[in-house]
Amino acid sequence: MATLRVQPGAIVQVLGWDEAFVGVETADPEAYARRIQQGVLDRTRLHCSVGIGDTLVRAKVATGFGKPRGVFRLTAENWLEVMGDRPTIELWGVGSKISRRLAGLGVTTVAELAEADPDALVAEFGPRMGPWYAELGRGDGSAVVDDTPWVARGHSRETTYQQDLTEPSQIEAAVRELAAHVLDDVAAEGRPVIGLTLKVRYAPFVTKVFTKKIPSTSDRAVVVERALELVGRMDPDRPIRLLGLRAEMPMPDDAREGHTPTRGGW
DNA sequence: TCTGGGGTCCTAGGACCC
DNA sequence: TCTGGGGTCCTAGGACCC
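A brief look at the structure comes next.

Cut-offs used in this document
- Residues numbered from 1 in each chain as written.
- Chains lettered and ligands numbered in written order.
- Predicted model: local features only at pLDDT ≥ 70, side-chain atom pairs only at ≥ 80, totals over all residues.
- Heavy atoms only, no water.
- 1 Å grid on protein atoms, 1.4 Å probe; cavity = no way out; pocket = protein on both sides within 12 Å on 5 of 7 lines; lining within 4 Å.
- Points joined across faces, edges and corners; volume = space filled by probe spheres on them.
- Helix = DSSP H or I, 4+ residues; strand = E, 2+ residues; numbered from the N terminus.
- Nonpolar A, V, L, I, M, F, W, Y, C, P; charged D, E, K, R; others polar.
- Expected span 1.5 Å × (residues − 1).
- Buried < 20%, exposed > 50% of the residue type's maximum accessible area, 1.4 Å probe, protein only.
- Arc of directions from axis to C-beta.
- Contact = heavy atoms within 4.5 Å.
- Near = heavy atom within 4 Å.
- Polar contact = N/O pair within 3.5 Å; in protein donor to acceptor, adjacent residues only side chain to side chain.

Describing the layout of surface pockets
One number sums up the size of the largest pocket: a volume of about 1100 Å³. Every residue lining the largest pocket is counted, 41 residues in all, and those nearest its centre are Ala20, Phe21, Val22, Val50 and Gly51. When contributions to the lining of the largest pocket are tallied by element, the ones reaching two or more residues are helix 1 (2–5), strand 2 (19–23), helix 2 (29–44), strand 3 (50–53) and helix 3 (56–66). Residue contributions to the lining of the largest pocket peak at 7 residues, all from helix 2. Tallied by class, residues from the lining of the largest pocket come to 22 nonpolar, 11 polar and 8 charged.

Here it is, written out as structure tokens:
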């Protein structure tokens, strides 16, 4: 990320541990991309691929065509030519479930999604997601790279146990352990806890979550108590394969307004 | 495929209020 | 006693991404 940030004119929006958008205006994006790759290689000895696009979605999808170590450009001009005949699951944000539901509407390719009846999409996926999928099919959307530092909504820990938990004492100890880690992460940000989610995976891989809003607190003991209360909602008779605990934190005022998340559309 | 960990966001339904 | 309409908040579940 540091290497990206020193590129001339670059605005960097981190997407994950190893991925970022770089917003830049340049007459020769391929040359710019090659310079980024060289810079990253020099500094980290890691290769990367670069996608160039006129929207965030197109740039993101383009990185896939760049792999390995390459550069690929995807714009309004060649989007349908490159993506049109491909299955919808290749879109960023369409997974196995959504692609199957789209198929149920007679939409199997990106081109078909791009031309799909908006009303049908809204009826199937709702007023937000419906239009968003249509936009995705066209590769449209925001082209704004936002370098506002990410503010986490929450922190969580989960553990899959080598042996299923069955005893209440084991379960309580496990939750306390998870809570300790989560609280460390939360405390590192100096923000209180306003909600908890207990995740449980029972023996044959059945997963449930229990959530609870709590009065804002930074008191570790209080958070642990609230977490243990959630344990009471679990089925006491089923062996437990996994437990997880997530703490939700309030958003600072200046981080709440402004950038809308991935799905709503940039 | 017999299945890890850390995240985010959206939707539906129920409770509750005016 | 039964019934409208609009709104918010909370919880559970679902889906996706790296």
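There's more to say after this.
Here's the deal with the environment of Ala188
With respect to the element layout, Ala188 can be found in helix 8 (residues 168–189). Taking C-alpha positions, Ala188 is 48 Å from Glu81, a pair spaced 107 residues apart along the chain.

Description of helix 8
Taking 1.5 Å per residue as the helical rise, helix 8 with its 22 residues ought to reach 32 Å, and the 32 Å between its terminal C-alpha atoms agrees with that figure. Considered for burial, the residues of helix 8 that qualify are Ile171, Ala174, Val175, Leu178, Ala179, Val182, Leu183 and Val186. Down the axis of helix 8, the buried side of the element spans an arc of 170°, and every buried residue falls inside it. Residues of helix 8 that are exposed and point more than 90 degrees away from the buried face comprise Ser169, Ala187 and Ala188. Against strand 5 (154–165), strand 6 (193–202), helix 9 (220–231) and strand 8 (240–248) lie the buried residues of helix 8. Residue Gly190 follows helix 8 closely and has a positive phi angle near 65°.

Concerning the protein's contact with DNA strand B
Of all residues adjacent to DNA strand B, which total 22 residues, the nearest are Arg128, Arg153, Ser156, Glu158 and Thr160. Separating a phosphate oxygen of DNA strand B from a side-chain N or O atom of His155 is a distance of 2.9 Å. Between DNA strand B and the protein, one listed contact pairs a phosphate oxygen with a backbone N or O atom of Glu158 at 2.5 Å. When contributions to the surface near DNA strand B are tallied by element, the ones reaching two or more residues are helix 7 (118–138), strand 5 and strand 8. With 7 residues, strand 5 is the largest single contributor of residues to the surface near DNA strand B. Class assignment for the residues of the surface near DNA strand B results in 8 nonpolar, 7 polar and 7 charged.

By themselves, these observations are geometric and do not establish any function.
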